[in-house]
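Architecture and fold: a report
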Protein chains: 2
Amino acid sequence: MKLMEEKILREGQILPGDILKVGSFLNQNIDIDFLGDMANEFARLFAHEGVTKVLTIEASGIAIATAVGMKLGASVLFAKKHRTSNVDGQPYSAPVHSFTHNEDYEVLVSRDYLSSTDRVLIVDDFLANGQAVNGLFSLCEQAGAQVVGVGIAIEKCFSGAGDKLRAQGVHLESLAMIESMSEDNIVFRREDNSR
Amino acid sequence: MKLMEEKILREGQILPGDILKVGSFLNQNIDIDFLGDMANEFARLFAHEGVTKVLTIEASGIAIATAVGMKLGASVLFAKKHRTSNVDGQPYSAPVHSFTHNEDYEVLVSRDYLSSTDRVLIVDDFLANGQAVNGLFSLCEQAGAQVVGVGIAIEKCFSGAGDKLRAQGVHLESLAMIESMSEDNIVFRREDNSR
(Lines give C-alpha, C1' and ligand atoms only; values in the text may rest on other atoms or scores of the structure.)
Protein backbone atom coordinates (compact mmCIF):
# COMPACT_ATOMS: atom_id res chain seq x y z
CA MET A 1 0.00 0.00 0.00
CA LYS A 2 1.79 3.04 -1.36
CA LEU A 3 -0.05 5.34 1.08
CA MET A 4 1.37 3.49 4.07
CA GLU A 5 4.93 3.70 2.79
CA GLU A 6 4.55 7.42 2.18
CA LYS A 7 3.08 7.93 5.62
CA ILE A 8 5.96 6.04 7.26
CA LEU A 9 8.54 8.06 5.34
CA ARG A 10 6.80 11.33 6.21
CA GLU A 11 5.87 10.73 9.85
CA GLY A 12 7.71 7.66 11.14
CA GLN A 13 10.64 8.04 13.50
CA ILE A 14 13.33 5.41 13.86
CA LEU A 15 14.45 4.82 17.44
CA PRO A 16 17.34 2.67 18.68
CA GLY A 17 16.66 -1.08 18.68
CA ASP A 18 14.91 -1.18 15.30
CA ILE A 19 11.87 0.55 16.74
CA LEU A 20 9.78 2.44 14.23
CA LYS A 21 7.65 4.99 16.01
CA VAL A 22 4.35 5.62 14.25
CA GLY A 23 2.50 7.11 17.19
CA SER A 24 1.51 10.19 15.21
CA PHE A 25 -0.90 8.29 12.96
CA LEU A 26 -1.20 4.64 13.91
CA ASN A 27 -0.74 3.62 17.50
CA GLN A 28 -1.33 6.46 19.84
CA ASN A 29 -2.70 9.29 17.78
CA ILE A 30 -4.82 7.87 15.00
CA ASP A 31 -5.29 9.68 11.70
CA ILE A 32 -8.89 8.70 11.12
CA ASP A 33 -8.97 9.21 7.35
CA PHE A 34 -5.83 7.15 6.98
CA LEU A 35 -7.29 4.46 9.25
CA GLY A 36 -10.31 4.37 6.94
CA ASP A 37 -8.01 3.90 3.92
CA MET A 38 -6.20 1.06 5.69
CA ALA A 39 -9.45 -0.62 6.64
CA ASN A 40 -10.76 -0.38 3.08
CA GLU A 41 -7.58 -2.00 1.82
CA PHE A 42 -7.77 -4.86 4.34
CA ALA A 43 -11.47 -5.33 3.56
CA ARG A 44 -10.62 -5.60 -0.14
CA LEU A 45 -7.73 -8.03 0.45
CA PHE A 46 -9.78 -10.35 2.67
CA ALA A 47 -13.19 -9.85 1.07
CA HIS A 48 -13.49 -13.47 -0.03
CA GLU A 49 -12.39 -15.15 3.20
CA GLY A 50 -15.82 -15.15 4.88
CA VAL A 51 -14.43 -13.51 8.01
CA THR A 52 -16.70 -13.80 11.05
CA LYS A 53 -14.31 -12.34 13.61
CA VAL A 54 -11.41 -9.90 13.59
CA LEU A 55 -8.95 -10.85 16.34
CA THR A 56 -6.25 -8.58 17.71
CA ILE A 57 -4.31 -7.92 20.88
CA GLU A 58 -4.59 -4.94 23.20
CA ALA A 59 -3.88 -2.09 22.92
CA SER A 60 -2.51 -0.80 19.65
CA GLY A 61 -4.24 -3.35 17.42
CA ILE A 62 -7.72 -2.41 18.60
CA ALA A 63 -8.26 0.69 16.46
CA ILE A 64 -7.23 -1.15 13.29
CA ALA A 65 -9.33 -4.20 14.15
CA THR A 66 -12.35 -2.00 14.89
CA ALA A 67 -12.08 -0.17 11.58
CA VAL A 68 -11.64 -3.44 9.67
CA GLY A 69 -14.54 -5.04 11.54
CA MET A 70 -16.76 -2.10 10.61
CA LYS A 71 -15.83 -2.44 6.94
CA LEU A 72 -16.25 -6.24 6.87
CA GLY A 73 -19.29 -6.31 9.17
CA ALA A 74 -17.47 -8.82 11.39
CA SER A 75 -17.30 -8.69 15.17
CA VAL A 76 -14.04 -7.74 16.83
CA LEU A 77 -12.28 -9.59 19.62
CA PHE A 78 -9.20 -8.43 21.42
CA ALA A 79 -6.97 -10.66 23.47
CA LYS A 80 -5.96 -9.23 26.80
CA LYS A 81 -2.44 -9.24 28.16
CA HIS A 82 -3.42 -9.47 31.81
CA ARG A 83 -5.97 -11.38 33.81
CA THR A 84 -8.61 -8.98 35.10
CA SER A 85 -11.99 -9.41 36.68
CA ASN A 86 -13.39 -9.26 33.16
CA VAL A 87 -11.61 -12.43 32.03
CA ASP A 88 -13.29 -15.63 33.14
CA GLY A 89 -11.69 -18.35 35.21
CA GLN A 90 -10.47 -20.60 32.41
CA PRO A 91 -9.75 -18.49 29.33
CA TYR A 92 -7.80 -19.66 26.32
CA SER A 93 -4.25 -18.47 26.89
CA ALA A 94 -0.84 -18.54 25.25
CA PRO A 95 2.57 -17.22 26.27
CA VAL A 96 4.12 -14.36 24.30
CA HIS A 97 7.52 -12.75 24.53
CA SER A 98 7.80 -9.10 23.51
CA PHE A 99 11.23 -8.31 22.09
CA THR A 100 10.35 -4.60 21.93
CA HIS A 101 9.64 -4.33 25.64
CA ASN A 102 11.67 -7.37 26.68
CA GLU A 103 8.89 -8.93 28.72
CA ASP A 104 6.84 -12.09 28.85
CA TYR A 105 3.10 -12.03 29.09
CA GLU A 106 0.08 -14.17 28.38
CA VAL A 107 -2.58 -13.44 25.79
CA LEU A 108 -6.05 -14.34 26.98
CA VAL A 109 -9.56 -14.54 25.61
CA SER A 110 -12.65 -15.87 27.32
CA ARG A 111 -13.84 -19.19 25.95
CA ASP A 112 -17.26 -17.66 25.29
CA TYR A 113 -15.97 -15.36 22.57
CA LEU A 114 -14.18 -17.70 20.17
CA SER A 115 -15.59 -20.92 18.75
CA SER A 116 -15.07 -23.62 16.16
CA THR A 117 -17.50 -21.91 13.78
CA ASP A 118 -15.38 -18.75 13.61
CA ARG A 119 -13.38 -17.77 10.54
CA VAL A 120 -10.79 -15.44 12.03
CA LEU A 121 -8.84 -12.58 10.54
CA ILE A 122 -5.90 -11.73 12.79
CA VAL A 123 -4.96 -8.04 12.63
CA ASP A 124 -2.11 -6.14 14.24
CA ASP A 125 -0.10 -2.96 13.81
CA PHE A 126 3.33 -4.61 13.55
CA LEU A 127 4.72 -8.00 12.59
CA ALA A 128 8.34 -8.56 13.49
CA ASN A 129 9.28 -11.73 15.36
CA GLY A 130 5.74 -13.02 15.12
CA GLN A 131 5.37 -13.71 18.83
CA ALA A 132 2.05 -11.93 19.21
CA VAL A 133 0.58 -13.41 16.02
CA ASN A 134 1.71 -16.90 17.03
CA GLY A 135 0.00 -16.41 20.38
CA LEU A 136 -3.22 -15.42 18.62
CA PHE A 137 -2.95 -18.46 16.31
CA SER A 138 -2.63 -20.61 19.42
CA LEU A 139 -5.82 -19.14 20.92
CA CYS A 140 -7.69 -19.93 17.69
CA GLU A 141 -6.31 -23.46 17.63
CA GLN A 142 -7.46 -24.03 21.21
CA ALA A 143 -10.94 -22.86 20.22
CA GLY A 144 -10.98 -24.91 17.02
CA ALA A 145 -11.45 -21.68 15.06
CA GLN A 146 -10.02 -21.31 11.59
CA VAL A 147 -7.55 -18.51 10.88
CA VAL A 148 -8.37 -17.39 7.32
CA GLY A 149 -5.87 -14.55 7.14
CA VAL A 150 -3.46 -12.21 8.86
CA GLY A 151 -3.53 -8.47 8.14
CA ILE A 152 -0.56 -6.39 9.30
CA ALA A 153 -0.06 -2.65 9.00
CA ILE A 154 3.74 -2.73 9.00
CA GLU A 155 5.88 -5.83 8.56
CA LYS A 156 9.54 -5.82 9.50
CA CYS A 157 10.61 -8.38 6.89
CA PHE A 158 14.13 -8.55 8.30
CA SER A 159 12.80 -10.25 11.43
CA GLY A 160 11.64 -13.19 9.34
CA ALA A 161 8.29 -14.13 10.85
CA GLY A 162 6.25 -12.95 7.87
CA ASP A 163 8.10 -15.10 5.35
CA LYS A 164 7.80 -18.06 7.71
CA LEU A 165 4.02 -17.60 7.84
CA ARG A 166 3.85 -17.28 4.03
CA ALA A 167 5.88 -20.48 3.67
CA GLN A 168 3.30 -22.19 5.88
CA GLY A 169 0.58 -21.13 3.45
CA VAL A 170 -0.95 -18.42 5.64
CA HIS A 171 -2.78 -15.69 3.72
CA LEU A 172 -0.73 -12.80 5.08
CA GLU A 173 -1.13 -9.25 3.80
CA SER A 174 1.09 -6.42 5.06
CA LEU A 175 0.35 -2.84 4.02
CA ALA A 176 4.02 -1.89 4.20
CA MET A 177 6.96 -4.29 4.16
CA ILE A 178 10.24 -3.01 5.52
CA GLU A 179 13.18 -4.92 4.09
CA SER A 180 15.75 -3.02 6.12
CA MET A 181 16.00 0.10 8.22
CA SER A 182 18.77 2.16 9.73
CA GLU A 183 18.85 5.45 11.58
CA ASP A 184 18.27 7.51 8.46
CA ASN A 185 16.96 5.13 5.84
CA ILE A 186 14.07 2.73 5.25
CA VAL A 187 14.07 0.24 2.36
CA PHE A 188 10.68 -1.25 1.47
CA ARG A 189 10.23 -4.61 -0.14
CA ARG A 190 8.67 -4.29 -3.56
CA GLU A 191 5.95 -6.63 -4.77
CA ASP A 192 8.15 -7.81 -7.63
CA ASN A 193 10.91 -9.13 -5.36
CA SER A 194 8.71 -10.33 -2.56
CA ARG A 195 8.49 -13.95 -3.58
CA MET B 1 -30.19 4.86 24.65
CA LYS B 2 -32.81 2.16 24.90
CA LEU B 3 -30.68 -0.26 22.87
CA MET B 4 -27.85 -0.09 25.41
CA GLU B 5 -30.18 -0.79 28.33
CA GLU B 6 -31.65 -3.79 26.52
CA LYS B 7 -28.19 -5.08 25.65
CA ILE B 8 -27.05 -4.79 29.27
CA LEU B 9 -30.14 -6.60 30.53
CA ARG B 10 -29.72 -9.35 27.94
CA GLU B 11 -25.96 -9.89 27.99
CA GLY B 12 -24.47 -8.13 31.01
CA GLN B 13 -23.30 -10.14 34.01
CA ILE B 14 -23.06 -8.69 37.49
CA LEU B 15 -19.97 -9.76 39.41
CA PRO B 16 -19.12 -9.10 43.06
CA GLY B 17 -17.87 -5.57 43.79
CA ASP B 18 -20.41 -3.78 41.60
CA ILE B 19 -18.63 -4.98 38.47
CA LEU B 20 -20.84 -5.18 35.40
CA LYS B 21 -19.27 -7.50 32.86
CA VAL B 22 -20.07 -6.50 29.30
CA GLY B 23 -17.25 -8.38 27.61
CA SER B 24 -19.61 -10.13 25.23
CA PHE B 25 -20.43 -6.96 23.30
CA LEU B 26 -18.44 -3.97 24.52
CA ASN B 27 -15.02 -4.48 25.98
CA GLN B 28 -13.51 -7.71 24.86
CA ASN B 29 -15.76 -9.10 22.19
CA ILE B 30 -17.28 -6.22 20.24
CA ASP B 31 -20.64 -6.51 18.54
CA ILE B 32 -19.80 -4.42 15.50
CA ASP B 33 -23.37 -3.49 14.53
CA PHE B 34 -24.08 -2.39 18.06
CA LEU B 35 -20.83 -0.42 18.15
CA GLY B 36 -21.99 1.33 14.98
CA ASP B 37 -25.30 2.21 16.67
CA MET B 38 -23.44 3.58 19.69
CA ALA B 39 -21.12 5.64 17.52
CA ASN B 40 -24.05 7.08 15.56
CA GLU B 41 -25.70 8.09 18.81
CA PHE B 42 -22.56 9.78 20.15
CA ALA B 43 -22.01 11.50 16.80
CA ARG B 44 -25.58 12.84 16.98
CA LEU B 45 -25.23 13.99 20.59
CA PHE B 46 -21.94 15.82 19.99
CA ALA B 47 -22.52 16.89 16.38
CA HIS B 48 -22.40 20.60 17.21
CA GLU B 49 -19.33 20.63 19.43
CA GLY B 50 -16.78 20.97 16.62
CA VAL B 51 -14.81 17.98 17.91
CA THR B 52 -11.25 17.77 16.52
CA LYS B 53 -10.05 14.89 18.66
CA VAL B 54 -11.62 11.91 20.42
CA LEU B 55 -9.58 11.08 23.52
CA THR B 56 -9.78 7.81 25.44
CA ILE B 57 -7.65 5.55 27.57
CA GLU B 58 -6.26 2.15 26.67
CA ALA B 59 -7.52 -0.49 26.21
CA SER B 60 -11.27 -0.84 26.38
CA GLY B 61 -12.10 2.72 25.31
CA ILE B 62 -10.24 2.42 22.02
CA ALA B 63 -12.89 0.59 19.99
CA ILE B 64 -15.59 3.09 21.00
CA ALA B 65 -13.32 6.07 20.35
CA THR B 66 -12.36 4.68 16.94
CA ALA B 67 -15.96 4.17 15.89
CA VAL B 68 -16.94 7.65 17.12
CA GLY B 69 -13.91 9.21 15.41
CA MET B 70 -14.91 7.55 12.14
CA LYS B 71 -18.45 8.93 12.42
CA LEU B 72 -17.32 12.44 13.40
CA GLY B 73 -14.29 12.54 11.08
CA ALA B 74 -12.11 13.43 14.07
CA SER B 75 -8.76 11.90 14.90
CA VAL B 76 -8.49 9.54 17.84
CA LEU B 77 -5.95 9.68 20.65
CA PHE B 78 -5.54 7.17 23.38
CA ALA B 79 -3.72 7.78 26.61
CA LYS B 80 -1.38 5.02 27.65
CA LYS B 81 -1.20 3.56 31.11
CA HIS B 82 2.48 2.74 31.00
CA ARG B 83 5.60 4.43 29.71
CA THR B 84 6.90 2.55 26.68
CA SER B 85 9.49 3.31 24.06
CA ASN B 86 6.66 4.84 22.07
CA VAL B 87 5.97 7.56 24.63
CA ASP B 88 8.39 10.47 24.49
CA GLY B 89 10.54 11.68 27.34
CA GLN B 90 8.25 14.37 28.73
CA PRO B 91 4.64 13.41 28.03
CA TYR B 92 1.62 15.00 29.67
CA SER B 93 0.76 12.73 32.58
CA ALA B 94 -1.75 12.45 35.41
CA PRO B 95 -2.20 9.95 38.24
CA VAL B 96 -5.25 7.69 38.24
CA HIS B 97 -6.51 5.24 40.82
CA SER B 98 -8.54 2.29 39.55
CA PHE B 99 -11.10 1.15 42.11
CA THR B 100 -12.00 -1.85 39.91
CA HIS B 101 -8.47 -3.24 39.89
CA ASN B 102 -7.29 -1.46 43.04
CA GLU B 103 -4.17 -0.06 41.45
CA ASP B 104 -2.55 3.28 40.76
CA TYR B 105 -1.25 4.17 37.37
CA GLU B 106 -0.38 7.18 35.25
CA VAL B 107 -2.14 8.20 32.08
CA LEU B 108 0.23 9.54 29.46
CA VAL B 109 0.08 11.19 26.06
CA SER B 110 2.94 12.60 24.05
CA ARG B 111 2.96 16.40 23.90
CA ASP B 112 2.97 16.21 20.11
CA TYR B 113 -0.54 14.78 19.94
CA LEU B 114 -2.62 17.24 21.98
CA SER B 115 -2.58 21.01 21.57
CA SER B 116 -4.35 24.21 22.52
CA THR B 117 -6.27 24.22 19.23
CA ASP B 118 -7.95 20.88 20.00
CA ARG B 119 -11.62 20.56 20.88
CA VAL B 120 -11.68 17.24 22.69
CA LEU B 121 -14.42 14.70 23.15
CA ILE B 122 -13.49 12.30 25.95
CA VAL B 123 -14.95 8.82 25.44
CA ASP B 124 -14.86 5.75 27.67
CA ASP B 125 -16.74 2.53 28.26
CA PHE B 126 -17.56 3.12 31.94
CA LEU B 127 -17.90 6.11 34.25
CA ALA B 128 -18.01 5.28 37.94
CA ASN B 129 -15.70 7.17 40.28
CA GLY B 130 -14.50 9.37 37.47
CA GLN B 131 -10.82 8.76 38.10
CA ALA B 132 -9.96 7.96 34.49
CA VAL B 133 -12.03 10.84 33.09
CA ASN B 134 -10.48 13.26 35.58
CA GLY B 135 -7.04 12.07 34.48
CA LEU B 136 -7.95 12.74 30.84
CA PHE B 137 -9.30 16.20 31.77
CA SER B 138 -5.96 16.91 33.42
CA LEU B 139 -4.04 15.94 30.25
CA CYS B 140 -6.20 18.32 28.21
CA GLU B 141 -5.69 21.11 30.74
CA GLN B 142 -1.93 20.64 30.58
CA ALA B 143 -2.11 20.90 26.79
CA GLY B 144 -4.44 23.89 26.89
CA ALA B 145 -6.98 21.85 24.90
CA GLN B 146 -10.70 22.40 25.44
CA VAL B 147 -12.86 19.49 26.55
CA VAL B 148 -16.16 20.00 24.72
CA GLY B 149 -17.86 16.84 25.91
CA VAL B 150 -17.68 13.47 27.61
CA GLY B 151 -19.35 10.41 26.06
CA ILE B 152 -19.77 7.34 28.23
CA ALA B 153 -21.23 3.98 27.26
CA ILE B 154 -22.35 2.99 30.76
CA GLU B 155 -22.54 5.31 33.76
CA LYS B 156 -22.78 3.95 37.28
CA CYS B 157 -24.76 6.87 38.68
CA PHE B 158 -24.50 5.53 42.22
CA SER B 159 -20.77 6.29 42.21
CA GLY B 160 -21.52 9.97 41.82
CA ALA B 161 -18.85 11.19 39.40
CA GLY B 162 -21.30 11.78 36.55
CA ASP B 163 -23.55 14.10 38.52
CA LYS B 164 -20.50 15.97 39.79
CA LEU B 165 -19.36 16.56 36.19
CA ARG B 166 -22.86 17.70 35.19
CA ALA B 167 -22.92 20.11 38.13
CA GLN B 168 -19.66 21.56 36.82
CA GLY B 169 -21.35 22.24 33.48
CA VAL B 170 -19.64 19.46 31.54
CA HIS B 171 -21.60 18.24 28.51
CA LEU B 172 -21.79 14.61 29.60
CA GLU B 173 -23.80 12.02 27.71
CA SER B 174 -24.12 8.44 28.94
CA LEU B 175 -25.84 5.84 26.77
CA ALA B 176 -27.04 3.90 29.80
CA MET B 177 -27.30 5.24 33.34
CA ILE B 178 -27.41 2.70 36.13
CA GLU B 179 -29.07 4.10 39.25
CA SER B 180 -28.52 0.95 41.28
CA MET B 181 -27.55 -2.66 40.77
CA SER B 182 -27.58 -5.81 42.82
CA GLU B 183 -26.81 -9.42 42.05
CA ASP B 184 -30.05 -9.95 40.18
CA ASN B 185 -31.39 -6.52 39.36
CA ILE B 186 -30.41 -3.37 37.50
CA VAL B 187 -32.33 -0.11 37.83
CA PHE B 188 -31.73 2.48 35.13
CA ARG B 189 -32.12 6.20 35.62
CA ARG B 190 -34.83 7.56 33.37
CA GLU B 191 -34.40 10.83 31.50
CA ASP B 192 -37.34 12.37 33.33
CA ASN B 193 -35.76 12.01 36.77
CA SER B 194 -32.20 12.62 35.72
CA ARG B 195 -32.06 16.32 36.38
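Since the structure is predicted, the reported quantities are computational estimates derived from the model, not experimental observations.

1. Concerning the interface of chain A and chain B
- Each partner contributes to the interface: chain A provides 40 residues, whereas chain B provides 40 residues.
- Buried surface at the junction of chain A and chain B, summed over both partners, amounts to about 3,300 Å²; 57% is from carbon and sulfur atoms.
- In this assembly, chain A and chain B are joined by zero salt bridges.
- On the surface where chain A and chain B come into contact, there are 10 residue pairs in polar contact (both at pLDDT 80 or more).
- Contributing elements (two or more residues each) for the side of chain A that touches chain B: β2 (19-21), α2 (23-27), β3 (29-30), α3 (32-45), α4 (62-72), β5 (75-79) and β7 (103-109) of chain A.
- With seven residues, α4 of chain A is the largest single contributor of residues to the side of chain A that touches chain B.

2. Focus: the sheet that holds β5 of chain A
- Spatially, seven strands are ordered β11(A)-β10(A)-β9(A)-β8(A)-β4(A)-β5(A)-β3(B) in an open sheet, and the strand pairing comes out mixed. Looking along the sheet, the strands with just one partner apiece sit at the ends: β11 (185-188) of chain A together with β3 (29-30) of chain B.
- Note: strand β9 (residues 146-156) of chain A against strand β10 (residues 172-182) of chain A, six bridges, orientation parallel. Bridge pairing in β10 of chain A places G151 of chain A opposite E173 of chain A.

3. Digging into the pattern of salt bridges
- Applying the stated criterion across every chain, the model contains 18 salt bridges over all chains.
- Residues E5 of chain A and R190 of chain A are paired through a salt bridge, measuring 2.7 Å at the closest nitrogen-oxygen approach. With E5 of chain A in helix α1 (residues 2-11) and R190 of chain A in the segment after β11, this pair connects stretches of sequence that are 185 residues apart.
- Residue class for E5 of chain A comes out buried when judged on its relative accessible area of 8%.
- Looking at R190 of chain A, the relative accessible area reads 37%, which means it is partly exposed.
- With a shortest N-O distance of 3.0 Å, E179 of chain B and R189 of chain B are connected by a salt bridge.

4. Some remarks on the relation of the copies chain A and chain B
- When chain A is fitted onto chain B, the two copies agree to an RMSD of 0.0 Å after a turn of 180° and an axial shift of 0.0 Å. What the rotation and shift describe, once combined, is the action of a two-fold rotation axis. The C-alpha atom lying nearest the rotation axis in chain A is that of A59 of chain A; the distance is 2.6 Å.
- Both copies present the same face, since 100% of the interface residues in chain A are matched by interface residues at the equivalent positions in chain B.

Conventions we followed
- Residues numbered from 1 in each chain as written.
- Chains lettered and ligands numbered in written order.
- Predicted model: local features only at pLDDT ≥ 70, side-chain atom pairs only at ≥ 80, totals over all residues.
- Heavy atoms only, no water.
- Contact = heavy atoms within 4.5 Å.
- Buried area = accessible area lost by both parts, 1.4 Å probe.
- Salt bridge = Lys/Arg side-chain N within 4 Å of Asp/Glu carboxyl O.
- Polar contact = N/O pair within 3.5 Å; in protein donor to acceptor, adjacent residues only side chain to side chain.
- Helix = DSSP H or I, 4+ residues; strand = E, 2+ residues; numbered from the N terminus.
- Pairing = 2+ DSSP bridges.
- Buried < 20%, exposed > 50% of the residue type's maximum accessible area, 1.4 Å probe, protein only.
- Least-squares fit on C-alpha atoms with pLDDT ≥ 70 in both.

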